[in-house]
Amino acid sequence: MNGIDRNDLDEVIAKTFNEVKTAVNTHSEKSLQMYSGALRALVELRQQILSEERVAR
């Protein structure tokens, strides 16, 4: 994935994970659903980037 910085992506994943934790602590179901979905997508993106890097080597 050209143009996506792994470090920036990792930072966004960490921030999104913190939002998920906050949603759990505040019992906010809508926020939990939203941030959980975003976190899943970001982790999938990260896995895809790692796979592409392995193939490129």
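As a reminder, the structure under discussion sits directly above these lines.
Below is a summary of the structure that appears in this document. Because the structure is predicted, anything quoted here is derived from the model rather than measured.

What follows is about the overall build of the protein. Within the protein one finds two helices and zero strands. The C-alpha atoms of the protein give 13 Å as radius of gyration, which overshoots the globular expectation for 57 residues (10 Å, by more than 25%). Here the C-alpha coordinates of the protein stretch approximately 45 × 15 × 15 Å along the principal axes. Across the 57 residues of the protein, 18% fall into the buried class. Expressed as a percentage of contacts within the protein between residues at least 6 apart in sequence, the contacts between residues at least 24 apart total 64%. For the protein, the exposed area adds up to about 4500 Å²; of that, 52% sits on carbon and sulfur atoms.

In this structure, R46 sits in helix 2 (residues 29-56). Exposure remark for R46: the relative accessible area of 15% places this residue in the buried category. Remark: the alpha-carbon pair of R46 and I13, spanning 33 residues in sequence, is separated by 9.0 Å. Residues in contact with R46, not counting those within four places in the same chain, are R6, L9, D10 and I13. Of note is the side chain of R46, whose polar atom sits 2.5 Å from the side chain of D10.

With that settled, consider the nonpolar core. Grouped together as the largest cluster of nonpolar side chains are six residues: L9, I13, V20, L39, L42 and I49. For this core, the elements supplying multiple residues, two or more each, are helix 1 (6-26) and helix 2. If sequence neighbours within four positions are ignored, L42 has contacts with L9, V12, I13 and T16.

Turning to the environment of S31, a few remarks are in order. Turning to its location among the elements, S31 is positioned in helix 2. In sequence terms S31 and V20 are eleven residues apart; their C-alpha atoms lie 7.5 Å from each other. When near neighbours in sequence (up to four residues on either side) are disregarded, S31 contacts A23 and S36. Reaching out from S31, the side chain makes a polar contact with the side chain of S28 at a distance of 3.1 Å.

Parameters and conventions
Residues numbered from 1 in each chain as written. Predicted model: local features only at pLDDT ≥ 70, side-chain atom pairs only at ≥ 80, totals over all residues. Heavy atoms only, no water. Helix = DSSP H or I, 4+ residues; strand = E, 2+ residues; numbered from the N terminus. Rg over C-alpha atoms; globule rule 2.2 N^0.38 Å. Buried < 20%, exposed > 50% of the residue type's maximum accessible area, 1.4 Å probe, protein only. Contact = heavy atoms within 4.5 Å. Areas by Shrake-Rupley, 256 points an atom, 1.4 Å probe, with all protein chains shown as cover. Polar contact = N/O pair within 3.5 Å; in protein donor to acceptor, adjacent residues only side chain to side chain. Core = buried A, V, L, I, M, F, W, Y, C linked by side-chain atoms within 4.5 Å.

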